Amino acid sequence: MNKILLIVILVGILIYFLSRRVMMKGKSMSIQKSNKQGYYLIESGASIIQKTIKNTLFSVGIGVVLFIITIFLALKVKIILLMLPISLYLMSQLFLLNNQLKYAKDQRIWFNPNTNVVMIEWLSGNTVTFNILTDVQHVKAVKSVQKNNQILFGYYEISVHNNQIYVPFILEDNPVNTRFFKTLKENYPVDPKSSLFPII
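About the cut-offs
Residues numbered from 1 in each chain as written. Predicted model: local features only at pLDDT ≥ 70, side-chain atom pairs only at ≥ 80, totals over all residues. Heavy atoms only, no water. Pairing = 2+ DSSP bridges. Helix = DSSP H or I, 4+ residues; strand = E, 2+ residues; numbered from the N terminus. Axes fitted to C-alpha atoms, helices over the stretch in contact; angles between N-to-C directions. Contact = heavy atoms within 4.5 Å. Salt bridge = Lys/Arg side-chain N within 4 Å of Asp/Glu carboxyl O. Buried < 20%, exposed > 50% of the residue type's maximum accessible area, 1.4 Å probe, protein only. Core = buried A, V, L, I, M, F, W, Y, C linked by side-chain atoms within 4.5 Å.

Student: Quick rundown of the sheet that holds strand S8 (residues 190-195)? Include the residues and the values.
Tutor: The mixed open sheet is built from four strands, whose spatial order is S7-S6-S5-S8. Sheet topology places strand S7 (163-168) and S8 at the edges, where each strand pairs with a single neighbour. Within the sheet, the average angular offset between the axes of one strand and its neighbour, ignoring direction, is 25°. In the sheet, strand S5 (residues 136-144) pairs with S8 via six bridges, with the strands oriented parallel. Along S8, the bridge assignment pairs valine 139 with valine 190. The sheet strands contacting helix H4 (residues 93-106) are S5, strand S6 (154-160) and S7, and the helix crosses S7 at an angle near 120°.

As structure tokens, this is what we get:
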């Protein structure tokens, strides 16, 4: 019994600190501004980030409650352990959210709708510039097997000049970015792929 309580406490502490990290990352992303003439920044927007964090944390909360209930009930009814994978899957949504926010924060995607030129800057200092109409070689969409509380995690993998560029789905939720994603989809076939954990 003491071991079970220890596991529950450790899981709770892990979820708590990871949630704080995710929320701080979401707040820091909301201050990004566009400052390149002719280009606009492909970003999520503060309201979308906060909504995504809120919905994901709700799913994670359900997973934590289900995990605790499963652990305690399993002491008497072993078959209840079948619910354990479901609870772990729901809690794992926090790791997927952290992964999406990390990539949305660590790279900036600039798009010029007049010239169709895309410029990507990474915090590491690397940059890639290409024309979205002529330079893309392949587009793949890797997505979760299902939505959880209206949130679908995943990303686009775009092959350009022997580089693999990853664009999180969270960026597509912003209506301001519609032209960028519409241009991409109208000019290239998107190869779909489902994954239980679409981590970039």
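Student: A description of the pattern of salt bridges should follow, citing residues and the corresponding values.
Tutor: In this structure the tally under the stated criterion is three salt bridges. With its nearest N and O atoms 3.9 Å apart, the salt bridge here joins lysine 140 to glutamate 157. Within this pair, whereas lysine 140 is found in strand S5, its partner glutamate 157 is found in strand S6, the two being separated by 17 residues in sequence. Exposure remark for glutamate 157: the relative accessible area of 15% places this residue in the buried category.

Student: With reference to specific residues and values, describe the pairing of S6.
Tutor: Most of S6 is tucked away: seven of the seven residues are buried. With burial as the criterion, each face of S6 is covered, one bearing Gly154, Tyr156, Ile158 and Val160 and the other bearing Tyr155, Glu157 and Ser159. Both S5 and S6 contribute to a ladder of seven bridges, which runs antiparallel. Within S6, the residue paired with lysine 140 across the bridge is glutamate 157. Relative to S7, S6 runs antiparallel, the two being bridged by six bridges. Across the sheet, residue isoleucine 158 finds its bridge partner in S7, namely isoleucine 165.

Student: I'd like to hear about the nonpolar core, residue by residue, with values.
Tutor: In terms of nonpolar packing, the biggest core is built from 33 residues, with Phe130 and Phe180 touching the most fellow members. A per-element tally of this core places H4 first, with four residues. Apart from residues lying up to four places away in sequence, phenylalanine 180 is in contact with Tyr40, Ile42, Ile109, Phe111, Val118 and Ile132. Val60, Phe67, Ile71 and Met91 belong to the second-largest nonpolar core, a separate cluster that totals six residues.

Student: Explain the environment of asparagine 55 to me, using residue names and the numbers behind them.
Tutor: For asparagine 55, the location among the structural elements is in helix H2 (residues 46-73). In the structure, asparagine 55 is positioned 95 residues away from glutamine 150 in sequence and 7.5 Å away in space, judged by C-alpha atoms. Among all residues touching asparagine 55, those that are not within four sequence positions of it are Asn149, Gln150 and Ile151.

Student: Give me the pairing of strand S3 (residues 117-122): which residues, what numbers.
Tutor: The sheet contact formed by strand S2 (residues 107-112) and S3 spans six bridges and is antiparallel. Looking at the pairing, tryptophan 110 lines up with methionine 119 of S3. Hairpin remark: S2 followed by S3, antiparallel, with four residues in the connecting loop; positive phi at asparagine 116, about 65°. Two strands pair when backbone bridges link them, and S3 and strand S4 (residues 127-131) are joined in this way by five bridges, in the antiparallel orientation. What sits directly across from valine 118, in S4, is phenylalanine 130. If you look at the hairpin formed by S3 and S4, you'll find four residues sitting between the two strands, and glycine 125 has a positive phi there, around 105°.

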